[in-house]
Amino acid sequence: MNSKFNLNIFHKVLITLLAVTLIPLCTLWYMGNRAAQRELTENVSTNLVSTMNTVATGINAWDDTNLRAMAQTTRLKDMISMKAELQNPILTTTGATYEWSYLMFTILPDGTNVGRNDGGALTPYGDRGYFQQVIKGQPVGRQVVIGKTSGKPALILATPIRNADAALVGVLAMSMYLTDISKIVTDTRIGETGRAILLDASHKVIAHGDASKVRTALQDFSAYPALKVAGIADAPTVYTSEDRKVIGFMRKLPQGWTLLIEQDYDEAFATMNKMEREARILIAVTMALVIGVAIFLGKALTSPINELTAIARQLSNGELQVNIPQTARGDEIGSLARAIDRLGVSIQLAMDRLRKKV
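Residues numbered from 1 in each chain as written. Predicted model: local features only at pLDDT ≥ 70, side-chain atom pairs only at ≥ 80, totals over all residues. Heavy atoms only, no water.

**Q** Can you walk me through the overall build of the chain in this structure?
**A** A tally of regular secondary structure across the chain gives eight helices and 10 strands. Here the C-alpha atoms of the chain give a radius of gyration of 42 Å, more than 25% beyond the 21 Å that 2.2 N^0.38 yields for 358 residues. The C-alpha extent of the chain, read off along each of the three principal axes, is 150 × 30 × 30 Å. Each of the 358 residues in the chain was classed as buried or not, and the buried ones make up 39%. When contacts within the chain are restricted to residue pairs at least 6 apart in sequence, those whose partners lie at least 24 apart make up 52%. If you sum the accessible surface of the chain, you get close to 20,000 Å²; carbon and sulfur atoms cover 58% of it. Charged side chains in the chain number 38 positive and 32 negative. The centres of these two groups are separated by 9 Å. (Helix = DSSP H or I, 4+ residues; strand = E, 2+ residues; numbered from the N terminus. Rg over C-alpha atoms; globule rule 2.2 N^0.38 Å. Buried < 20%, exposed > 50% of the residue type's maximum accessible area, 1.4 Å probe, protein only. Contact = heavy atoms within 4.5 Å. Areas by Shrake-Rupley, 256 points an atom, 1.4 Å probe, with all protein chains shown as cover. Lys, Arg positive; Asp, Glu negative; His and termini not counted. Charge placed at Lys NZ, Arg CZ, Asp CG, Glu CD.)

**Q** Can you help me understand the sheet that holds strand 1 (residues 101-107) in this one?
**A** The strands that make up a sheet are held in pairs by hydrogen bonds between backbone atoms, and each pair lies either parallel or antiparallel. The strand order across the open sheet formed by five strands is 2-1-5-4-3, and the pairing between neighbours is antiparallel. The outermost strands of the open sheet, each flanked by one partner alone, are strand 2 (113-116) and strand 3 (141-146). Neighbouring strand axes in the sheet, compared pairwise and without regard to direction, differ in orientation by 25° on average. Bridge analysis of strand 1 against strand 5 (residues 168-177) gives six bridges, and the strand direction is antiparallel. Counted as the bridge partner of I107 is V171 from strand 5. Strands strand 3, strand 4 (153-162) and strand 5 of the sheet are contacted by helix 1 (residues 9-74), whose axis makes an angle of about 35° with strand 4. Taken strand by strand, helix 3 (residues 84-97) contacts strand 1, strand 2 and strand 5, and its axis lies near 45° from that of strand 2. (Pairing = 2+ DSSP bridges. Axes fitted to C-alpha atoms, helices over the stretch in contact; angles between N-to-C directions.)

**Q** Would you mind going over the packing of helix 1 against helix 5 (residues 179-186) with me for this structure?
**A** When two helices pack together, you describe them by how their axes are tilted relative to each other and by the distance separating the axes. One can describe the packing of helix 1 onto helix 5 by two numbers: an axis separation of 10 Å at closest approach and a directional angle of 175°. Viewed along their axes, helix 1 and helix 5 adopt a mutual orientation that is roughly antiparallel. Of the residues in helix 5, those in contact with V55, G58, I59 and W62 of helix 1 are D180, I181, I184 and V185. Taken together, the residues of the contact of helix 1 with helix 5 sort by class into six nonpolar, one polar and one charged. (Parallel < 35°, antiparallel > 145°, perpendicular 65-115°, else oblique. Nonpolar A, V, L, I, M, F, W, Y, C, P; charged D, E, K, R; others polar.)

**Q** Looking at this model, I keep getting lost on the nonpolar core. Mind explaining?
**A** Note on soluble globular proteins: their nonpolar side chains tend to be buried together. Of all hydrophobic cores here, the largest spans 48 residues; its most connected members are I59, L155, L198, W257, L259 and F269. Discounting residues that sit within four places of it in the chain, W257 has contacts with I59, R142, V144, L155, I181, L198, L199, D200, A201, I206, R251 and K252. (Core = buried A, V, L, I, M, F, W, Y, C linked by side-chain atoms within 4.5 Å.)

Have a look at this one:
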């Protein structure tokens, strides 16, 4: 092998020091990083799930309150009568009790409007989605629409009115503002970037924790990346949304709505990113120190050896009048220097004997 490929003492010292320091350091960093990453991932996931439970509980509690009120109202004899003069007082009182409700009304099975609490003109509702859902046998009809007066998303709930024989005699509907639900969603915060998003059954936005992301009321979010991520409804999952890395968790609510909690990955795992940066800095500093030590040790070892090598070369060329340093050292280099010194003496004696014989 060509000598230019041979490793000298400096190279060997450098490789040895790098191996001795970096291999254990990198191993410890890798093991610690894996353990910290698992723990941080569990904490982030737990936080998202906990937030999801809190928001979902608030939404479901609000919804249950309305449904219980409507169910109780539909059991009243005057409501079952399906006569406006008997229903309107009940509708007015019930509507006033629930301040988020702006309209309560009843509908005959043919879609004809019978009673209402606002004193407005009777309106046919036979083509409305919530009405059709109840007529087709669903226990509750729901439809999110844009309120004509507020211009904001509003929810219409509908429940069947049945007589003593359980026959369907009409439908009770309540239109309500979504202010309370919106507040639950918009008030949800996880750090600076964590937010909640509530979508209706057709994936239109009911409420969004970041108002800047919603350009129009009931904006269609059917193409939102989170809705296409496999497994996101089972556990918090990492995905890409709008060119940024996000971790999110999604749940289907009993109302048929979709609730999504998400947070930017960089913020959620900021601690991990900081640890990795610090570890890289530590490794870089360690490498610099090792190289510095290797240079120092390499010079400390190679300088006297190179000097002794030059002296040995002089002796081999017959230059016997040389000054050999390092003989006072107590290490291997000192032993080598003394051996070379003895070699020089031996060569001198041999030369003297040879001259006498000649």
